[in-house]
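Residue-level structure breakdown
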Amino acid sequence: MTAKATKTVKPPTRLDDEAELRRWTPEYVVENELLPYKSVRVLKEKCYRRQVHHHNDGGRITFTPEDIRRENARTAVVPIAA
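In this report, we go over the structure that sits alongside the text. Each chain has its residues counted from 1, following the order in which its sequence is written. Predicted model: local features are reported for residues with pLDDT of at least 70 only, side-chain atom pairs are reported and counted for 80 or more only, and whole-chain, interface and lining totals are derived from all residues. Note that the side-chain values use all heavy atoms of the structure and ignore hydrogens as well as water.

1. A look at the overall build of the protein chain
Put simply, DSSP marks the helices as runs of H or I at least four residues long and the strands as runs of E at least two long, and each gets a number from the N terminus on. Regarding its fold elements, the protein chain presents 5 helices and 2 strands. Each helix and strand of the protein chain, placed in order from N terminus to C terminus, yields the pattern α-α-α-α-β-β-α. For the exposure calls, accessible area comes from a 1.4 Å probe over protein chains only, and a residue counts as buried if that area is under 20% of its type's maximum, exposed if over 50%, partly exposed in between. Taking all 82 residues of the protein chain together, 22% fall into the buried category. It only takes one pair of heavy atoms within 4.5 Å for two residues to be counted as in contact. When contacts within the protein chain are restricted to residue pairs at least 6 apart in sequence, those whose partners lie at least 24 apart make up 42%. Accessible area of the protein chain: about 6,900 Å², with a carbon and sulfur share of 54%. Only the protein chains shown count as cover for residues, and the accessible areas themselves come from Shrake-Rupley with a 1.4 Å probe.

Below is the structure:
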């Protein structure tokens, strides 16, 4: 048997489900450096132009963990093979 076959998979917990429902403000995202933006204003302007993954909840810009993951994947730089 391989190590991969014997590895047990942890079932999702209620805490994991609640974390996926969390919404963050642009201020929180910039303050905690979740995205590579230094200014709340720049982040909001990028959202207004629809250049960054986000949600418009009742006219307010919010971010979910999935939005942060998508944006980080979108802006990732692939290294050149040597």
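2. Some words on helix H4 (residues 40–48)
Counting of polar contacts relies on pairs of N or O atoms within 3.5 Å, with two restrictions inside protein: one atom must be capable of donating a hydrogen and the other of accepting it, and residues adjacent in sequence are counted only when both atoms are side-chain atoms. Two or three places before Arg 41, at the start of H4, stands the capping residue Ser 39, its side-chain oxygen 3.2 Å from that residue's backbone nitrogen. Where H4 terminates, the next one or two residues include Arg 50, which has phi positive at roughly 60°.

3. So, the environment of Pro 65
Note on placement: Pro 65 falls in helix H5 (residues 65–74). Along the backbone, Pro 65 and Ala 19 are 46 residues apart, and their C-alpha atoms lie at a distance of 7.7 Å. Residues in contact with Pro 65, not counting those within four places in the same chain, are Ala 19, Glu 20, Arg 22 and Trp 24.

4. Topic: the side chain of His 54
In this structure, His 54 sits in the loop between H4 and strand S1 (55–57). Side-chain polar atoms of His 54 contact the backbone oxygen of Val 52, separated by 2.8 Å. With residues up to four places along the chain from it excluded, the contact list for His 54 reads Cys 47, Ile 61, Thr 62, Phe 63 and Asp 67.

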